[in-house]
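If you want the building blocks of each chain, they are given just below.
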Amino acid sequence: MLKNFWYACEFSSAITSKPQRVPLLNQQFVLYRNSQGKVMAFLDQCPHRGAALSLGKVENDCIRCPYHGWKFQTDGTCIEIPANQPGVPIPKKAHLDAYPVQEKYGFVWLFWGDIPENERPPLPSFPEVKNPALRSLQLEFKWNAHYTRLIENSIDPAHSAFVHANSIGSGMAKEPQLPNYEIYMEGWGASASLYYKQQETKGFFWKFVRQKNRLQIKTTRGFYMPNIIYSDSENIILFVAHVPIDDKTTISKFIQFRSFFTQPWADQIFRKFNSKVNQEDKLIVESQSPKIAPYDLTTEIHASSDALPLAYRKLRKKCLDIGWAEEPHISKLNYMNGHTLSVERQII
Ligand code: FES
Ligand code: CO
């Protein structure tokens, strides 16, 4: 896992004035919204005896621990220990670290890292989100897989003909060849556009997504470090935060925009369809070994259709090479050619 990035970790709509546990990067955070609507984020662990603050209460913007009632204000300072006699000073160490948070594009983004504010990589730019003609839908999916494998799967154009041969890839199943494509590097991300021959796809959506009188349709896929992917198939746009929970678990939070069937009643059809497609991916991605995408670029074999996933792997390697590997949460998994790594390099 990587440090020094803003992580999209939860939908904005999920964070209210009630404390909410948010797992991320081998840790548990507690998030809540204060009376000004600002999202607060702390580790979900009371410094007194380690109880989960998310089981506690928010009172006047402060959070009160459920175990012995210690109360912490928004900067993390403990301002009350109920069992103390009046006048007894509060230990200085009774303090929570507050994590920087911002909200954009329907997600809460938490910064995890140790570089100064002016050096932090910016959030990606998603202008489509502001288009009021599009209907948006939030979806969530849990995988027993590492987020690196999921990012690569999301931007891999070559698997649909096989993994999704009975759904979105049925049109490609007979002709799985892909054209060579160019990669556009964009700061902390990259994208590629592919032109597909328009072929009839199985299922209900086909007659709505078909572009009449056109031989080709364009699909753009991209990623943005550390955990965002997007795809734009002209009438369906998808943003996904692959939230890294631990080395074996990822929760993907999807926001899908569509320009057809924009009525709310159609949401359930799209939920069902996305769930089917994700189930198809799940079987394969959870089978991959090693769990974590290799650090060494020569460990696995790359074909020309892997250009975009390979661009991700290269950018991730660059982050690891500049020392942005996560340090405090040491993974026991080896990911470099099966060799044992030094402690510093075991983390991704
Ligand atoms: Fe939180 Fe004791 S564990 S107040
Ligand atoms: Co897939």
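The paragraphs below set out a description of the structure included in this document. (Residues numbered from 1 in each chain as written. Chains lettered and ligands numbered in written order. Predicted model: local features only at pLDDT ≥ 70, side-chain atom pairs only at ≥ 80, totals over all residues. Heavy atoms only, no water.)

### Focus on the overall build of the protein
Thought 1: For the protein, the helix and strand inventory stands at five helices and 17 strands.
Thought 2: Residues counted as buried form 50% of the 348 residues belonging to the protein.
Thought 3: Within the protein, counting contacts between residues at least 6 apart in sequence, those at least 24 apart form 60% of the total.
Thought 4: Looking at the protein as shown, the accessible area adds up to about 17,200 Å², and 52% of this sits on carbon and sulfur atoms. (Helix = DSSP H or I, 4+ residues; strand = E, 2+ residues; numbered from the N terminus. Buried < 20%, exposed > 50% of the residue type's maximum accessible area, 1.4 Å probe, protein only. Contact = heavy atoms within 4.5 Å. Areas by Shrake-Rupley, 256 points an atom, 1.4 Å probe, with all protein chains shown as cover.)

### A closer look at the coordination of the cobalt ion (ligand 2)
In ideal tetrahedral geometry, four donors around a metal make angles of 109.5 degrees, whereas ideal octahedral geometry with six donors gives angles of 90 or 180 degrees.
Thought 1: The protein atoms that coordinate the cobalt ion (ligand 2) are His159 (NE2), His164 (NE2), Asp281 (OD) and Asp281 (OD), at distances spanning 2.1 to 2.4 Å.
Thought 2: Coordination at the cobalt ion (ligand 2) is irregular, judged from the four donor atoms that bind it and the angles of 57 to 151° they form at the metal.
Thought 3: Along the chain, the residues donating to the cobalt ion (ligand 2) fall in the pattern H-x4-H-x116-D. Each member of the pair His159 and His164 is classed as buried. (Donors = N, O, S within 2.8 Å, 3.2 Å for Na, K, Ca; no water. Tetrahedral: all angles 85-135°; square planar, octahedral: opposite > 155°, others 65-115°.)

### Topic: the pairing of strand 14 (residues 216-224)
Thought 1: Sheet topology note: the strand 14/strand 15 (residues 228-232) ladder contains five bridges and is antiparallel. Considered in strand 15, the bridge of Tyr224 is made with Ile228.
Thought 2: What sits between the antiparallel neighbours strand 14 and strand 15 is a turn of three residues. (Pairing = 2+ DSSP bridges.)

### Points about unusual backbone geometry
Thought 1: Here the residue pair Met225 and Pro226 is connected by a cis peptide bond, since its omega of 0° sits within 30 degrees of zero.
Thought 2: Following the sequence through the fold, Pro226 ends up in the loop between strand 14 and strand 15.
Thought 3: For the bond from Ser289 to Pro290, the omega torsion is -5°, close enough to zero to count as cis.
Thought 4: Mapped onto the fold, Pro290 is located in the loop between helix 4 (267-285) and helix 5 (307-321).
Thought 5: Backbone geometry at Asn60 places phi at a positive 45°, although glycine is not the residue there.
Thought 6: The phi angle at Asp61 is positive, at roughly 75°, despite the residue not being glycine.
Thought 7: When you line up the elements, Asp61 lands in the loop between strand 5 (57-59) and strand 6 (62-64).

### With respect to the sheet that holds strand 3 (residues 27-33)
Thought 1: Pairing is antiparallel in the open sheet, where three strands are placed in the order 2-3-4. Looking at the sheet topology across the chains shown, the edges are occupied by strand 2 (20-24) and strand 4 (39-43). With direction set aside, neighbouring strand axes in the sheet form an average angle of 30°.
Thought 2: Across five bridges, the pairing between strand 2 and strand 3 is antiparallel. Residue pairing in the sheet places Val22 in a bridge with Phe29 of strand 3. (Axes fitted to C-alpha atoms, helices over the stretch in contact; angles between N-to-C directions.)

### Observations regarding the packing of aromatic side chains
Thought 1: Using the criterion set out here, one finds 20 aromatic pairs in the structure.
Thought 2: Between Phe260 and Phe270 the ring centres are 5.6 Å apart and the planes differ by 65°, which places this aromatic pair in the edge-to-face class. With Phe260 in the loop between strand 17 (249-258) and helix 4 and Phe270 in helix 4, this pair connects stretches of sequence that are ten residues apart. The burial state of Phe260 is the same as that of Phe270; both residues are buried.
Thought 3: Here the aromatic residues Tyr105, Phe126, Tyr230, Phe239 and Phe257 are joined through ring pairs into a cluster of three or more. (Phe/Tyr/Trp six-rings, centres within 6.5 Å; stacked < 30°, edge-to-face > 60°.)

### Structural notes on the sheet that holds strand 8 (residues 78-80)
Thought 1: Strand order in the open sheet made by the four strands is 5-6-7-8, with antiparallel pairing throughout. Two strands close off the open sheet at either side, each with one partner strand: strand 5 and strand 8.
Thought 2: Here strand 6 runs beside strand 7 (residues 71-72); their pairing, made up of two bridges, is antiparallel. Note on strand 7: the bridge partner recorded for Arg64 is Lys71.

### Brief notes about the side chain of Gln256
Thought 1: Mapped onto the elements of the fold, Gln256 is located in strand 17.
Thought 2: Judged by its relative accessible area of 5%, Gln256 is buried.
Thought 3: Looking at Gln256, its side chain comes within polar contact range of the side chain of Asn274, at 3.3 Å.
Thought 4: Leaving out residues up to four positions away in the same chain, Gln256 has contacts with Arg135, Ser136, Leu137, Ile236, Ile237, Leu238, Phe270 and Asn274. (Polar contact = N/O pair within 3.5 Å; in protein donor to acceptor, adjacent residues only side chain to side chain.)

### Digging into the packing of helix 1 (residues 147-154) against helix 5
Thought 1: Where helix 1 meets helix 5, the closest approach of the two axes is 8 Å, and the angle between their N-to-C directions is 145°. When you trace helix 1 past helix 5, the crossing you get is right-handed. Together, Tyr147, Thr148, Arg149, Ile151 and Glu152 of helix 1 and Pro309, Tyr312, Arg313 and Arg316 of helix 5 make up the contact between the two elements. (Left-handed = near helix turned anticlockwise from the far one by under 90°.)

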